[in-house]
Amino acid sequence: MKPTDFAKALSNYLGMYLPGQRNVSSNTIKSYRDTFKLFLTYCCQQPCHRSADKLRLKDIDKSLVLGFLDWLEQERHNGISTRNQRIACIHGFYRYMHIEDPAGLLQYQQILSIPSKKAPTATVAHLTPEALTLILAQPDLSTSSGRRDVALLSVLYDTAARVQELVDLKVRDVRFDPPAIITLTGKGRKKRQVPLMTNTESLVKQYIGEAFGDLAGASDKPLFSNRMRTKMTRAGISYIVNKYVKKARSTSLAIPEKVTPHVFRHTRAMLLLQSGVALIYIRDLLGHVDIETTEIYAKADTEMKRKALEGAYPDIVQSSLPHWTKDGDLLSWLSTL
């Protein structure tokens, strides 16, 4: 079967352009891949039955893409953020086609004109210091898995790592020579070095000594592995977090019902902000490209806003009110009603 122009363009985009010229991470490529898998699934369900092996570039117009986005929301019950992520992937492909196929420029511009939906601003979920301390106290340190888990959770919080960054950590990414640091590989394969606080350094050092013993030949092994001694997955780390959150919640209702690994990252950023650390340093710790991304923590921190307002204005409002029965004028007025 002769491949269509769409098949050739998509294969080149995913297989050559993104990894070769853009040097994007494998996770980004998977996101684009999943978007087009869903799009092809949608096309196959249409009355005109645009099957994947017959779909051509000229078959994909603005109305088809809009129908796909509606299908995501109405049939698959995806949220606005997921819908916006899918259209961003499609936009990326058609920006690439701008250069590769100028003859279809008008059709591609019409697809690129589809806007993202305005989504409500999500609150930044984070833990209180007391809640975080309680969760970190749950692993059973008398077992090897418990000692691994407390090291894992401490690194997750202390470095403000994304869960994929934690998954990708290798033994060689940890350096104990003063100052102790961990090297994280973030989005776009960008590396950043994050200092380890003393307590976390001690936990990780003990864990590595127990898990790997002689470090010779262990430098390329995953820092945190499962029972099969293979690299942990994102789902595996979420399972560990959920297990200890559930245990902590059984002793204190101050623990939120849902705590994801990303909440540890938010918690680190919020506590640093509340401690007076400048946003620019928090940005570097989190690996944000733009400080505007980091500013969400400043906007979300109601406690800092309250303290700032208290310090900026004189104390005009009284902390208590006089008893209403002492107000003779009020009583006289009420009696005339």
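Structure's up top.
Below is a short write-up of the structure. Please read all numbers here as calculations on a predicted model, not as lab measurements.

### Observations concerning the packing of helix H1 (residues 5–21) against helix H4 (residues 80–100)
A pair of packed helices is captured by two measures, namely the crossing angle of their axes and the spacing between those axes.
Line of reasoning, step 1. Axis separation between H1 and H4 bottoms out at 11 Å; the angle between their running directions is 105°. In terms of their interaxial angle, H1 and H4 are classed as roughly perpendicular. Along its contact with H1, which presents Phe6, Ala9, Leu10, Asn12, Tyr13 and Tyr17, the element H4 presents Gly92, Phe93, Tyr96 and Met97.

### Thoughts on the nonpolar core
Line of reasoning, step 1. In this structure, Ile135, Leu152, Leu166, Phe224, Ile237, Val241 and Phe264 are the most contacted members of the largest nonpolar core, which totals 52 residues.
Line of reasoning, step 2. Contributions of two or more residues to this core are made by helix H6 (129–136), helix H7 (144–158), helix H8 (163–167), strand S2 (181–185), helix H9 (198–212), helix H10 (234–249), helix H11 (261–274) and helix H12 (279–286).
Line of reasoning, step 3. The dominant element in this core, judged by the number of residues it contributes, is H11, at seven residues.
Line of reasoning, step 4. Aside from chain neighbours lying at most four places away, what touches Ile237 is Leu152, Val163, Leu166, Val167, Met232 and Pro261.
Line of reasoning, step 5. If you look at the next biggest cluster of nonpolar residues, it comprises 34 residues, including Leu38, Cys43, Phe93 and Tyr96.

### Overview of the packing of aromatic side chains
Line of reasoning, step 1. Per the counting criterion, the structure on display carries 16 aromatic pairs.
Line of reasoning, step 2. Ring geometry for Tyr13 against Phe93: centres 5.4 Å apart, planes inclined by 75°, an arrangement best described as edge-to-face. Of the two residues, Tyr13 sits in helix H1 while Phe93 sits in helix H4, which places them 80 residues apart along the sequence. Of the two residues, Tyr13 and Phe93, both sit in the buried class.
Line of reasoning, step 3. Ring centres of Tyr207 and Phe224 lie 5.3 Å apart, and the angle between their planes is 25°; on these two criteria the pair is classed as stacked.

Here is what the cut-offs are and how they apply
Residues numbered from 1 in each chain as written. Predicted model: local features only at pLDDT ≥ 70, side-chain atom pairs only at ≥ 80, totals over all residues. Heavy atoms only, no water. Axes fitted to C-alpha atoms, helices over the stretch in contact; angles between N-to-C directions. Helix = DSSP H or I, 4+ residues; strand = E, 2+ residues; numbered from the N terminus. Parallel < 35°, antiparallel > 145°, perpendicular 65-115°, else oblique. Contact = heavy atoms within 4.5 Å. Core = buried A, V, L, I, M, F, W, Y, C linked by side-chain atoms within 4.5 Å. Buried < 20%, exposed > 50% of the residue type's maximum accessible area, 1.4 Å probe, protein only. Phe/Tyr/Trp six-rings, centres within 6.5 Å; stacked < 30°, edge-to-face > 60°.

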